[in-house]
Amino acid sequence: MILAAGKSTRMGGRDKLLETVEGHTLIRTQVLRALATGQQVFVTLPALDHPRAQAIGDLNVHIVAVPNAAEGMSASLRAGVAALPDADAFMVVLADLADIQTQDMDALLRARSGHPDALIWRGATQTNKPGHPIIFNGSLRPQFALLTGDTGAAQIVAAHGDRVHLVPIGDQALLDLDTPADWASWRASQ
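Since the model is a prediction, treat every value here as computed from it, not as a measurement.

Where do I start with the overall build of the protein chain in this structure?
The helix and strand tally for the protein chain stands at seven helices and nine strands. Based on the C-alpha atoms only, the size of the protein chain along its principal axes is roughly 45 × 35 × 30 Å. Evaluated residue by residue, the protein chain yields a buried proportion of 50% over its 190 residues. Total accessible area on the protein chain is roughly 8900 Å²; 51% of this is exposed by carbon and sulfur atoms. Looking at charge distribution, the protein chain has the averaged site of its 15 positive side-chain charges lying 2 Å from that of its 19 negative ones.

Have a look at this one:
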């Protein structure tokens, strides 16, 4: 599940998910990377007619409208998780982490198989600083219905801290691009 219902409020009127990355909009690039894992992909968006939906409308994804997206990330998580089919686990990817690659998502999928006693498998930097993406065991789904505010699933992760397995994938686990300055710096480094 790719969370893409945010407002891009720090972008000075630009939509960060419509910025170009690898020749496509960021949202399309992220969806293509997620589809390359071979898994079903769900994308939360503010509305079905949002410009982001147009950027991915021809791809084999399930779009989940989040009309109350202004409430914060919890609204996206509640709606997105409620729309998922029953599954043993599900991955959450933040759409604005431009350097997360298919191989990073695959690393988490492998870690889940290799560490079945965990409930949460979380991408991290090489120095084990927790980041994204995150896989949640399906047994945690009911807890997502209770989320409020804009802190994401932090309270769920904290409640199960002893069952979190960190998967070092690199600095891309934390590199989000929220402002025009972030984008300019990132582009200069490419």
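Help me understand helix H1 (residues 26–35), please; the structure alone is not making it clear to me.
Side chains that are three or four residues apart share a direction in an α-helix, a result of its 3.6 residues per turn. Counting buried positions along H1 yields eight of ten residues, so the element is predominantly enclosed. Residues Leu-26, Ile-27, Arg-28, Thr-29, Gln-30, Val-31, Arg-33 and Ala-34 constitute the buried set of H1.

Just to check I follow, could you spell out the packing of aromatic side chains for this structure?
When we look at a pair of aromatic rings, we describe it by the centre distance and by the angle of the planes. Applying the stated criterion across every chain, the model contains three aromatic pairs. Each ring, one from Phe-136 and one from Phe-144, has its centre 4.9 Å from the other, and the planes form 85°; the classification is edge-to-face. Judged by its relative accessible area of 1%, Phe-144 is buried. Three or more aromatic residues link up through ring pairs in this structure, and these residues are Phe-90, Phe-136 and Phe-144. The cationic tip of Arg-112 hangs over the ring face of Trp-121; the distance from NZ or CZ to the ring centre is 5.8 Å.

Is there a simple way to explain the nonpolar core in this structure?
Soluble, globular proteins show a tendency: their nonpolar side chains are buried together. Ranked by size, the top nonpolar core spans 56 residues in total, and within it Ile-2, Ile-27, Val-43, Phe-136 and Phe-144 carry the most contacts. Ranked by the residues each element gives to this core, the list is headed by strand E6 (residues 89–94), at six residues. Beyond its immediate chain neighbours, meaning those up to four positions away, Phe-136 contacts Ala-89, Phe-90, Val-92, Leu-119, Ile-120, Trp-121, Phe-144, Ala-153, Ile-156 and Val-157.

Any chance you could explain unusual backbone geometry here in plain terms?
Across residues other than glycine, the phi torsion is negative in most instances, and most of the peptide bonds are trans. The omega torsion of the bond from His-132 to Pro-133 falls at 0°, within 30 degrees of zero and hence cis. One can find Pro-133 in strand E8 (residues 130–137). With a phi close to 55°, Glu-22 is a non-glycine residue in the positive phi region. Tracing the backbone through its elements, the reader meets Glu-22 in the loop between strand E2 (20–21) and strand E3 (24–25). Judged by relative accessible area, which is 55%, Glu-22 ranks as exposed. Phi at Asn-128 takes a positive value of approximately 65°, unusual for a residue other than glycine. You can call Asn-128 partly exposed: its relative accessible area is 41%.

Help me out: how do you make sense of the sheet that holds strand E7 (residues 120–124) in this one?
In a beta sheet, neighbouring strands pair by backbone hydrogen bonds and run either parallel or antiparallel. Strand order in the open sheet made by the seven strands is E5-E4-E1-E6-E8-E7-E9, with mixed pairing throughout. The two strands at the open ends of the sheet, each matched to only one other strand, are strand E5 (62–65) and strand E9 (164–168).

Please explain the environment of Ile-169 as it appears in this structure.
Among the structural elements, Ile-169 can be located in the loop between E9 and helix H7 (180–189). Each C-alpha atom of the pair Ile-169 and Pro-133 lies 9.7 Å from the other, and the pair is 36 residues apart in sequence.

Whenever I open this one, the pattern of salt bridges confuses me. Can you help?
When the charged atoms of two side chains lie near each other, side chains of opposite charge can form a pair. As enumerated under the stated definition, the model contains six salt bridges in all. Between Asp-96 and Lys-16 there is a salt bridge whose closest N-O contact spans 2.7 Å. Placement of the pair is Asp-96 in the loop between E6 and helix H4 (102–114) and Lys-16 in the loop between strand E1 (2–3) and E2, with a sequence separation of 80 residues. With a closest N to O distance of 2.8 Å, Arg-33 and Glu-22 form a salt bridge. Here the residue Arg-33 occupies a position in helix H1, and Glu-22 occupies one in the loop between E2 and E3, the gap between them amounting to eleven residues. When its relative accessible area of 5% is taken as the criterion, Arg-33 is described as buried.

Parameters at a glance
- Residues numbered from 1 in each chain as written.
- Predicted model: local features only at pLDDT ≥ 70, side-chain atom pairs only at ≥ 80, totals over all residues.
- Heavy atoms only, no water.
- Helix = DSSP H or I, 4+ residues; strand = E, 2+ residues; numbered from the N terminus.
- Buried < 20%, exposed > 50% of the residue type's maximum accessible area, 1.4 Å probe, protein only.
- Areas by Shrake-Rupley, 256 points an atom, 1.4 Å probe, with all protein chains shown as cover.
- Lys, Arg positive; Asp, Glu negative; His and termini not counted.
- Charge placed at Lys NZ, Arg CZ, Asp CG, Glu CD.
- Phe/Tyr/Trp six-rings, centres within 6.5 Å; stacked < 30°, edge-to-face > 60°.
- Lys NZ or Arg CZ within 6 Å of the ring centre and 35° of its normal.
- Core = buried A, V, L, I, M, F, W, Y, C linked by side-chain atoms within 4.5 Å.
- Contact = heavy atoms within 4.5 Å.
- Pairing = 2+ DSSP bridges.
- Salt bridge = Lys/Arg side-chain N within 4 Å of Asp/Glu carboxyl O.

Any functional reading would require information beyond the geometric quantities listed.
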